[in-house]
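# Structural characterization, general
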Amino acid sequence: MNRKPITVRIARWSATHPWHAILGWVVFVAVCLAIGSAAGTRNATNADYRIGEAGRAQEIMADGDLNDRVVEKVLISGRDGKFDAQRAGQAASAVTTRMRQLPDVAEVDAPVTAPDGNALLVAVTMADDGASAQSHVKSLLDQTAAAQEEFPDLTVAQTGDASTSYQVDEQDSKETAAAERLSLPITLLILLFAFGAIVAAGVPLVVALSAVAGSIGLSTLSTHLFPSVGENNTMIVLIGMAVGVDYSLFYLKREREERARSGGTLSHTAAVELAAATSGRAVIVSGFAVLVSVAALFVARDIIFSSLAVSVMIVVAVAMVASLTVLPALLAKLGRWVDRPRVPLIGRMSSRGTQPRLWPALLRPAIRRPVDTLLVSGGLMLALVIPAFGMRLNLPSYDRMPQVPTIQTHNQLVRTFPMQGTGFVVAVRADAAQRADVGTALNNLEQAALADPALAGRSTPIRRVSADGRITTVKFGTPYAVDAEVAHQLYQRLKDQIVPSTIGAVPGVEHAIGGEVAMSVSDVKHLKAKLPLVVGTLLLLTFLMMAVAFRSVVIGAVSALLNLLSAGAALGALALVFQSDWAARLLDLPPGGFIISRVPLFLFVILFGLSMDYQVFVVSRIREAVQRGIPTRQAVHEGIINSAGVVTSAAIVMVSVFAGFIFGGLLEIKQVGFSLTVGILLDAFVVRILILPALMVILDKANWWPSRLPGPSHRSTPADQVRRPEAVPTAR
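Every value quoted in this text rests on a predicted model; they were computed, and no experiment measured them.

What counts, and at which threshold
Residues numbered from 1 in each chain as written. Predicted model: local features only at pLDDT ≥ 70, side-chain atom pairs only at ≥ 80, totals over all residues. Heavy atoms only, no water. Helix = DSSP H or I, 4+ residues; strand = E, 2+ residues; numbered from the N terminus. Rg over C-alpha atoms; globule rule 2.2 N^0.38 Å. Contact = heavy atoms within 4.5 Å. Lys, Arg positive; Asp, Glu negative; His and termini not counted. Charge placed at Lys NZ, Arg CZ, Asp CG, Glu CD. Pairing = 2+ DSSP bridges. Core = buried A, V, L, I, M, F, W, Y, C linked by side-chain atoms within 4.5 Å. Buried < 20%, exposed > 50% of the residue type's maximum accessible area, 1.4 Å probe, protein only. Expected span 1.5 Å × (residues − 1). Polar contact = N/O pair within 3.5 Å; in protein donor to acceptor, adjacent residues only side chain to side chain. Axes fitted to C-alpha atoms, helices over the stretch in contact; angles between N-to-C directions. Parallel < 35°, antiparallel > 145°, perpendicular 65-115°, else oblique. Nonpolar A, V, L, I, M, F, W, Y, C, P; charged D, E, K, R; others polar. Salt bridge = Lys/Arg side-chain N within 4 Å of Asp/Glu carboxyl O. Phe/Tyr/Trp six-rings, centres within 6.5 Å; stacked < 30°, edge-to-face > 60°.

In terms of regular secondary structure, the chain is built from 24 helices and 11 strands. Scaling as 2.2 N^0.38, a compact globule of 732 residues should have a C-alpha radius of gyration of about 27 Å, and the chain matches this with 30 Å. If you line up the chain on its principal axes, its C-alpha atoms span 90 × 50 × 45 Å. The contacts of the chain with a sequence gap of at least 6 include a subset with a gap of at least 24, amounting to 81%. The distance from the centre of the 64 positive side-chain charges to the centre of the 56 negative ones in the chain is 15 Å.

Shown next, in the form of structure tokens:
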């Protein structure tokens, strides 16, 4: 006898020992959460984010203990256009006294008067840096709020990187929670239409939510190897709910289909085994394909991509395990109750035995006129890809972030103290013996920089020297935003002309330019260099994975190319919308849009992986039909008709999860939600309904090259290795 597939053996054990499997899963999730809670989260430090020239500048400054400390700024101004200097001085004194009492504060500078004399600025240096400072900044915000209550006739407000990150993250968490709360009932409604029964609709949600919970615990533990970058849990929820529901949906649909096909003579345990032999195998192939796709992010050698990749891989793996273990146990234990209680009208609609009319109608062009369908639909998708080549990448300035109080204060601060905008830092490392030569070169640097039109009469250089005299930094403040064209032009002149002609003329001196603009430019340069490597790795891994899974070089190549088309079209739509002023008005964004620099690469990989779900499940159904001896054209028709409903339901579930993030406050989350939504819709309704079937009909027997055309005389299907319905005892 043929040995049963591992998916069938696992499913059979779970179905025959349901309480063991269910209890084991509950314990697993609880242990993951407990271990994660005990281990705590290790956040990425500033050193982890160092990339390119800006990263080298940070490394040089760290070598001399000259890294910029975390400074919070308290702005004291008048209300209704009235400013009382004496009263403001009293407020500044109160702020200073309050801040110096906090253990999180290292020092407080003397108040500085604005150039127009209508505001005071109190700079507060925190004792911690990076994420640690952000976690302690609330105590400073509380003292600023207390000072505001003490001086109601003035405006006492705080801003700074730590407080802004704290408030933006707080708002983002609220918006994410709201999107999740909205997506859950929508997902449940979709599942109700798919199954027509409350229990059947609830099972995928329970499995997905438990997978997300366990993954959050494991991801917290993993941060001790790959530090958290702040968005890990958001990605776990985003991807975990999507794939968790999808895998359960595919499995549950197949189990119900096998029971319906047997006319009620098949036991639930046997139906679970048959589902495990077919959809269970597809879940494994799909899950590993997604894991392999996401693993390509490690090629970028970037802490953000590596950290998010680990979190996504964990939740995909946990969701895959859940669908193969606890899901069969739930289905077997629930038995006939999985189809209860039926929902009026919806239940009758979902239980109808009539053949669907929509999918045959949509599929008809690809089956009857495959060449024409391929040319038209493929041409439209390629046209949508074109805008992706014109993407403008940048890091967001404050005016493109949620307008929390600290950002509003920052905007007022820059208007009042213009030099508090974007800063440029030139970091120099040389032998202490060269200190005189370096000093002369720095004098020349300052003169040349201040003669530049972008800085003339606008900046006062701040020079710092390390204790051993080896490291020197010069900082130029500007009134520009980080994404302003004038700021980027100034950076290029500093990098290409001013710094090389001054500091660069001293032999043996190492130098680099840092600051927000330098970080943005370094990010974009780094990502453009890594993109071909990641895409190439992704295409190769996807090709190998699918070629091995289906024993076909052609299927591997087709899968890689179609996923590339789906991801490229989604990124093209992203550029078309977020770089257009008309769309900016609809999404409440400033004009002159761009794409956040790290979004395209991450989205490309995630979309590539998610597209594998549909490719695996659709091709699996087509292959099953071919293995029964059905001609290719009919097999394509049958396979897609049988899978279209579940693939569409899965796509709508994913869209319901992703679409809620389009209306979040963070531009990065908006862009991620939009691209995932568009990418999934294009993949499910254009690629899998039009392009894939047309291509497979055209290729015919070549689809399975170099293996022989599958058929009943050559090989049995995975389901054939499980007892067929007529041999299975009827459930009582």
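In this sheet, strand 9 (residues 471-477) lies alongside strand 8 (residues 462-465) in antiparallel orientation, the contact comprising four bridges. The partner of Arg463 across the bridge, within strand 9, is Val474. Adjacent in sequence and paired antiparallel, strand 8 and strand 9 are bridged by five residues, among which Gly469 carries a positive phi angle near 80°.

The next subject is the nonpolar core. Grouped together as the largest cluster of nonpolar side chains are 166 residues, with contacts concentrated most on Tyr251, Val316, Tyr614, Ile622, Phe658 and Leu676. For this core, the leading source of residues is helix 22 (residues 599-627), giving 19 residues. Not counting residues within four places of it along the chain, the set of residues in contact with Tyr614 comprises Asp246, Phe250, Val647, Ala650, Ala651, Met654, Ile680, Asp683, Ala684 and Arg688. Ala430, Val474, Phe476 and Ala487 belong to the second largest nonpolar core, which has 29 residues in total.

This part takes up helix 4 (residues 85-100). Relative to the 22 Å expected for 16 residues at 1.5 Å per residue, helix 4 spans 22 Å between its end C-alpha atoms, a close match to the ideal helical length. Of the residues making up helix 4, those classed as buried are Ala88, Ala91, Ala92, Ala94, Val95, Thr96 and Met99. Where the residues of helix 4 are buried, they touch strand 1 (71-78), strand 2 (105-108), strand 4 (119-126), helix 6 (138-150) and strand 5 (154-159). Structurally, the start of helix 4 carries an N-cap: the backbone nitrogen of Gln86 is 3.1 Å from a side-chain oxygen of Asp84.

To continue, consider the packing of helix 11 (residues 303-324) against helix 12 (residues 326-334). For the pair helix 11 and helix 12, the least separation of the axes is 3 Å and the interaxial angle reads 30°. Considered as vectors, helix 11 and helix 12 are oriented roughly parallel to each other. Residues Ala322, Ser323 and Leu324 of helix 11 form the contact with helix 12, whose own contacting residues are Val326, Leu327 and Pro328. Along the lines of polarity and charge, the residues of the contact of helix 11 with helix 12 split into five nonpolar, one polar and no charged.

The omega torsion of the bond from Trp705 to Pro706 falls at 10°, within 30 degrees of zero and hence cis. With respect to the helices and strands, Pro706 occurs in the segment after helix 24 (667-699). Here Arg551, not a glycine, exhibits a phi torsion of approximately 55°, which is positive. Inspection of the secondary structure assignment puts Arg551 in the loop between helix 19 (516-550) and helix 20 (553-578). For Asp700, which is not glycine, the phi torsion reads 55° and is therefore positive.

If you walk through the whole model with that rule in mind, you get 17 salt bridges. Between Lys138 and Asp142 there is a salt bridge; the shortest N-O distance is 3.2 Å. One end of the pair, Lys138, and the other, Asp142, are both in helix 6, four residues apart, so they sit about a helical turn from each other. Classification of Lys138 as partly exposed rests on a relative accessible area of 40%. By sharing partners, the salt bridges in this structure join Glu59, Asp63, Arg429, Asp468, Arg470 and Glu510 into a single network.

The next thing to look at is the packing of aromatic side chains. The geometry of an aromatic ring pair is captured by two quantities: the separation of the ring centres and the angle between the planes. The final tally for this structure, using the stated rule, is five aromatic pairs. Where Trp25 meets Phe28, the ring centres are 5.2 Å apart and the plane angle is 35°; that geometry is what we call tilted. With a gap of three residues between them, Trp25 and Phe28 both fall in helix 2 (residues 18-39), about one helical turn apart.

Here the focus is the pairing of strand 4. For strand 4, a buried count of eight out of eight residues is recorded, marking the element as mostly surrounded by other parts of the structure. On strand 4, burial covers both faces: Ala119, Leu121, Ala123 and Thr125 on one face and Leu120, Val122, Val124 and Met126 on the other are all buried. Where strand 1 lies against strand 4, seven bridges are found, and the strand directions are antiparallel. Residue pairing for strand 4: Leu75 is matched across the bridge by Leu121.

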